[in-house]
Amino acid sequence: MTDPRDTVLTHALQAEGTFDPGRAPAGIKRIPSGVDGLATEHLVVNIGPQHPSTHGVLRLVAELDGEEVMNVEVAVGYLHRGIEKLGEHRRYHQLGTLMDRGDYVSGIHGELAAALAAEQLLEVEVPPRGQWLRSLMSEVNRIASHLVWFGTFGLDCGAMGQFLYAMREREALLDVLESVTGQRMMFNYVRPGGVLDDITPDAEQKLRTFLRTIDSYLDEHHALLGGNEIFQKRVRGVGVIDRETGLAFGLTGANLRGSGVPYDVRRDKPYAAYTELDFDVPLGATGDAWDRYLVRMEEMRQAARMCRQCIEGLPEGDVMAKVPRVLRPPAGETYACVESPRGELGVHLVADGSDTPYRFHYRAPSLFAMQVLEEILPGHLLADAIMLIGSVDIVLGEIDR
Amino acid sequence: MWGKGILTGMRITMRNMLRGPITVKYPYERLEIPERARWAVVPKYDGEGKPKCTACMACVRACPDHILDLEFTTREDKSKHIERYSYEIGACMMCGLCVEACPFDAIEMSHDYELARLDPAELTYDLLADVDAVPVKRARPAATPKAELARADSSPAELSREEASDE
Ligand code: SF4
Ligand code: SF4
C-alpha cells in the first residue's frame, strides 16, 4: 500500500519540477514504520513566550513523548529592560521606580530592598513609625500578591471561580495601597530614609474592614479550591522539590518552606519592624505542589495577623529620617535583602561616592524558582507542567529585569 | 467523599452570586480617586493665574525618565523667561519625583486619568510655553515640602542660585 504521505510529497515535487519517479525523494527523513505503518517520535513543543499560562513571557522548550514531558529547557529574556544597567545611571532615591518594575506584583518589597541597601551605605536610621509602616505595607502587598498567585494557580489547574474572588479581595488591598502610596501597582513609596507619607485615615479604615473579613474569606477560598477533590488529585504528590534540591537550586520563600526548610528573611535577618511582630513561619512536609499551596495560604493569614499588629502598634513620630535631597553614599558595597512574596529579594549596591551607584544588582527569587522547573518538570504530564509553573509562583518581570 | 468538595464549591459560588457586584459601569459611573493618586503632571498657578515656576530645573533633574525639558532664556536683569517646558506624558511613569523635588510647589500630580490620545505626537506637549518665570525672591517656597525627601541640604533660594549659576 502506498503511504499517503508519498502522494503529497510527489505532488509537491511535481509542482516544483524536480520529481524523479526513479529516485526516493532526497533530504526527507522518513519515520521508521511500525506494524501498521505508524510510529511515534518525541515532539519538541515551544510553550510561550506569548502564552497566558506562562505567567508573563516565559518560554519553555519541552520535549514531549505523547503527553509526558521528557525534558524541558527554560528560555528567558523576553522582558529584559536592562534594569540593572539603568540603575547605574539613576540616583539612589530613583532606584525604587526601577525596582517597582522588577517584581511588579509586589513593588513595595523591591523598593524596600533598594532603600535598605542605600540606608546601609548611608548609615541612616529610619524612625520607628517609618519602620512599622514599611512592615505594614509589605504585608498588605504580600497578601495582594499571594491572592494573584492563588487566583492564577487555580486557573492553571483548570478552576475559574476563585480567580475572580481573589481579584475582588485584592481590589480592597489595592484601594488601601492607592490611598496610602498614590498608585495601585508602581508605588514608589519606600524611600531611602523612610516612607513617602503616613497612612491615611481612609486607608486605615479600609484596611481594618478588610482585616475583619479576610480570615473568613480565606477559609472560603480554601474550601472552594483546596477542598475540591479534582484540585487535590492534581496537586498532591506532584512536582516534589525535596530539601536538597531546594537548597541546591537556591530556592527561597514559600517554595523552600514548602520543602520543609525553615528559612524566612523576616525572621532570620530581620528588617523594618519584624523583630517586634509576632508571626509563625509555616512549613511544608514533602515539598509537593500541595505543600506550597498550603504554605502560601497560611502566609496570607500570617500576613493579615501582622497587619493587625502593625495597625494597633503603629508608633507615633516621623515617617522619614532627615536625608539630603541628593544622596551621595561613601564608597563601599552592601547587600540588603527582604522577604518578598516570592522569596529572598536582595539588592547588591556598590557605591563609588557619586550620586549614582557604581553597580546595582538584584537577586530575584523567581529566577531560582524558574530554574528548578528544569529539574522537576521531566516525568510529568504536560498539563501538570503548566500547573507546576503556577505552583512555584514566578514573576517574569524580576527574572528578566 | 468524592463530590463533597464540588458541592461545597457550588454552595460558595451561590453565596458569592448573592453578594452583589463590586464593579461599576465605567464611564457612566466613576470611582472616587484618592487624594494622593498620581496622574499627569500639571503646572500650578498663583491667585492671578500666573504660573508659579521659577525655572530652577530641579524637576528636570529629578525625573528618572528624563522626559521633562525646560528651555529658558535669562535676561540682563537676571529674570528668566520660559520658552517651553515640555513633558512627554507617553513616557511618564507618574512616580511623582518631579513634584517632590520642586521647591516652589509649582507643579502637581493631577487626578486626570483619561490620558489616551489618538496621535502619538500628542503625547509630548508643553506644560508651559512663552511665560515669564517667577523671580526666586518673590516665589515663596512651599510651606510644607511635598516630600520629606525634599528636606534639602540647601535652602530653595540657595539651590536656585546654585542652579542658575550652572547655566
Ligand atoms: S512623574 Fe516621574 S516620570 Fe513623570 S515627569 Fe515626574 S519625575 Fe518624570
Ligand atoms: S520651580 Fe518647580 S516646576 Fe519650575 S523648574 Fe523649578 S522644580 Fe521645576
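Residues numbered from 1 in each chain as written. Chains lettered and ligands numbered in written order. Predicted model: local features only at pLDDT ≥ 70, side-chain atom pairs only at ≥ 80, totals over all residues. Heavy atoms only, no water.

Draft legend 1. Representation of the overall build of chain B. Of regular secondary structure, chain B possesses 4 helices and 5 strands. In chain B, the succession of helices and strands from N to C terminus is α-β-α-β-β-α-β-β-α. A buried classification covers 41% of the 167 residues belonging to chain B. Long-range contacts, defined as pairs at least 24 residues apart, comprise 74% of the intrachain contacts of chain B with a sequence gap of at least 6. Split by element, the accessible area of chain B, about 10,300 Å² in all, is 55% carbon and sulfur. (Helix = DSSP H or I, 4+ residues; strand = E, 2+ residues; numbered from the N terminus. Buried < 20%, exposed > 50% of the residue type's maximum accessible area, 1.4 Å probe, protein only. Contact = heavy atoms within 4.5 Å. Areas by Shrake-Rupley, 256 points an atom, 1.4 Å probe, with all protein chains shown as cover.)

Draft legend 2. Expanded view of the overall build of chain A. Counting its regular elements, chain A contains 15 helices and 8 strands. Each of the 401 residues in chain A was classed as buried or not, and the buried ones make up 58%. For chain A, the exposed surface amounts to about 15,900 Å²; the carbon and sulfur share of it is 55%.

Draft legend 3. Highlighting the packing of aromatic side chains. Residues and elements named next belong to chain A. Enumeration according to the criterion identifies 14 aromatic pairs over all chains in this entry. Three or more aromatic residues link up through ring pairs in this structure, and these residues are Trp149, Phe150, Phe153, Phe231, Trp290 and Tyr293. For the cation-ring pair, Arg363 lies above Phe368, with the distance from its terminal atom to the ring centre recorded as 4.2 Å. If you follow Arg401 out to its NZ or CZ, it ends over the ring of Tyr362, 5.1 Å from the centre. (Phe/Tyr/Trp six-rings, centres within 6.5 Å; stacked < 30°, edge-to-face > 60°. Lys NZ or Arg CZ within 6 Å of the ring centre and 35° of its normal.)

Draft legend 4. Region of interest: a negative patch on the surface. Taken together, the side chains of A:Glu73, A:Asp242, A:Glu244, A:Glu374 and A:Glu375 define an acidic patch exposed on the protein surface. Note on placement: A:Asp242 falls in the loop between α8 (229–235) and α9 (243–248). (Patch = residues over 30% accessible without salt bridge, like charges linked within 9 Å, V, L, I, M, F, W, Y side chains within 5 Å. Salt bridge = Lys/Arg side-chain N within 4 Å of Asp/Glu carboxyl O. Lys, Arg positive; Asp, Glu negative; His and termini not counted. Charge placed at Lys NZ, Arg CZ, Asp CG, Glu CD.)

Draft legend 5. Structural detail: the side chain of A:Gln302. Residues and elements named next belong to chain A. On the secondary structure map, Gln302 appears in helix α12 (residues 289–313). What makes Gln302 buried here is its relative accessible area of 7%. Side-chain polar atoms of Gln302 contact the side chain of Arg305, separated by 2.9 Å. Those residues in contact with Gln302 that lie beyond four places of it in its chain are Phe279 and Asp280. (Polar contact = N/O pair within 3.5 Å; in protein donor to acceptor, adjacent residues only side chain to side chain.)

Draft legend 6. Representation of the site of ligand 1 within the structure. Residues in contact with ligand 1 amount to 13 residues; listed here are only the nearest, B:Cys63, B:Cys92, B:Cys95, B:Gly96 and B:Cys98. Residue composition of the shell around ligand 1, grouped by class: 11 nonpolar, 1 polar and 1 charged. (Near = heavy atom within 4 Å. Nonpolar A, V, L, I, M, F, W, Y, C, P; charged D, E, K, R; others polar.)

Draft legend 7. Layout of the sheet that holds strand β7 (residues 343–351) of chain A. Residues and elements named next belong to chain A. Spatially, the 3 strands line up as an open sheet ordered β6-β7-β8, and their pairing is antiparallel. Edge positions in the sheet fall to β6 (332–340) and β8 (357–363), since each of these pairs with one other strand and no more. Adjacent strand axes in the sheet meet at a mean angle of 15 degrees when their direction is disregarded. Bridging between β6 and β7 involves 9 bridges; their strand directions are antiparallel. Among the inter-strand pairings, Glu333 is bridged to a residue of β7, identified as Val350. Sitting on the sheet, helix α13 (residues 365–376) is in contact with β6, β7 and β8, with an inclination near 125 degrees to β7. (Pairing = 2+ DSSP bridges. Axes fitted to C-alpha atoms, helices over the stretch in contact; angles between N-to-C directions.)

Draft legend 8. Main features of the nonpolar core. Core analysis: the largest hydrophobic core is formed by 111 residues, its most contacted members being A:Leu58, A:Leu136, A:Ile143, A:Tyr189, A:Tyr293, A:Leu349 and A:Ile394. Each of two domains, domain 1 (6–75) and domain 2 (83–400) of chain A, supplies a minimum of three residues to this core. Residue contacts for A:Ile143: discarding those within four places in its chain leaves A:Leu173, A:Phe210, A:Met300, A:Ala303, A:Ala304 and A:Cys307. Residues B:Ala40, B:Cys53, B:Tyr85 and B:Met94 belong to the second largest nonpolar core, which totals 31 residues. (Core = buried A, V, L, I, M, F, W, Y, C linked by side-chain atoms within 4.5 Å. Domains from an automatic or database assignment.)

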